[in-house]
Amino acid sequence: MSIDPLLAGLRAGEARAFHDAYARYADRLYSFAVRLTGQRHLADELFQHAWLRLAECAPRLSDDTH
């Protein structure tokens, strides 16, 4: 089983992979945060925190991360 190229790039710390992940998932993640909190200012904070966590944890993502 091969690793998804996006996942491999994130794990390697490639800026392009982070950009691609943001382009692919930002709208869905923000919409989820708004539905979850019901408040845009809280959704903004959760959204930002999620991307910071990805940046911090990307090198440790497991092979089966989706």
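The following refers to the structure shown. (Residues numbered from 1 in each chain as written. Predicted model: local features only at pLDDT ≥ 70, side-chain atom pairs only at ≥ 80, totals over all residues. Heavy atoms only, no water.)

Details of the environment of Thr65
Reasoning step 1: Tracing the sequence through the fold places Thr65 in the segment after helix H3 (40-57).
Reasoning step 2: With a relative accessible area of 30%, Thr65 lands in the partly exposed category.
Reasoning step 3: At 2.9 Å, the side chain of Thr65 forms a polar contact with the backbone oxygen of Ser62. (Helix = DSSP H or I, 4+ residues; strand = E, 2+ residues; numbered from the N terminus. Buried < 20%, exposed > 50% of the residue type's maximum accessible area, 1.4 Å probe, protein only. Polar contact = N/O pair within 3.5 Å; in protein donor to acceptor, adjacent residues only side chain to side chain.)

Observations regarding the packing of aromatic side chains
Reasoning step 1: For the structure on display, the rule yields five aromatic pairs.
Reasoning step 2: Both rings, one in Phe18 and one in Trp51, keep their centres 5.7 Å apart while their planes meet at 75°; by these two values the pair is edge-to-face. Of this pair, Phe18 sits in helix H2 (residues 15-37) while Trp51 sits in helix H3, placing them 33 residues apart in sequence.
Reasoning step 3: Judged by relative accessible area, which is 10%, Trp51 ranks as buried.
Reasoning step 4: Measuring from ring centre to ring centre gives 5.1 Å for Tyr22 and Trp51, while their planes differ by 50°; the resulting arrangement is tilted. (Phe/Tyr/Trp six-rings, centres within 6.5 Å; stacked < 30°, edge-to-face > 60°.)

Details of the pattern of salt bridges
Side chains that differ in sign of charge can pair as their charged atoms come close.
Reasoning step 1: In total, this model carries three salt bridges according to the counting rule given.
Reasoning step 2: Residues Asp20 and Arg16 are paired through a salt bridge, measuring 3.2 Å at the closest nitrogen-oxygen approach. Linking Asp20 with Arg16, this pair stays in helix H2, spanning four residues, or about one helical turn.
Reasoning step 3: By relative accessible area, Arg16 is classed as exposed at 56%.
Reasoning step 4: Note that Glu56 is salt-bridged to Arg53, the shortest N-O span being 3.4 Å. Of this pair, Glu56 and Arg53 are both found in helix H3, three residues apart, which corresponds to roughly one turn of the helix.
Reasoning step 5: Given a relative accessible area of 49%, Glu56 falls into the partly exposed group. (Salt bridge = Lys/Arg side-chain N within 4 Å of Asp/Glu carboxyl O.)

Quick look at the nonpolar core
Reasoning step 1: Counting residues in hydrophobic clusters, the biggest one holds eleven residues: Leu6, Leu7, Leu10, Ala17, Ala21, Ala26, Phe47, Trp51, Leu54, Ala58 and Leu61.
Reasoning step 2: Listing elements by their share of this core, those giving two or more residues are helix H1 (5-11), H2 and H3.
Reasoning step 3: The residues touching Leu7, leaving out its near neighbours within four places in the chain, are Leu61, Ser62, Asp63 and Thr65. (Core = buried A, V, L, I, M, F, W, Y, C linked by side-chain atoms within 4.5 Å. Contact = heavy atoms within 4.5 Å.)

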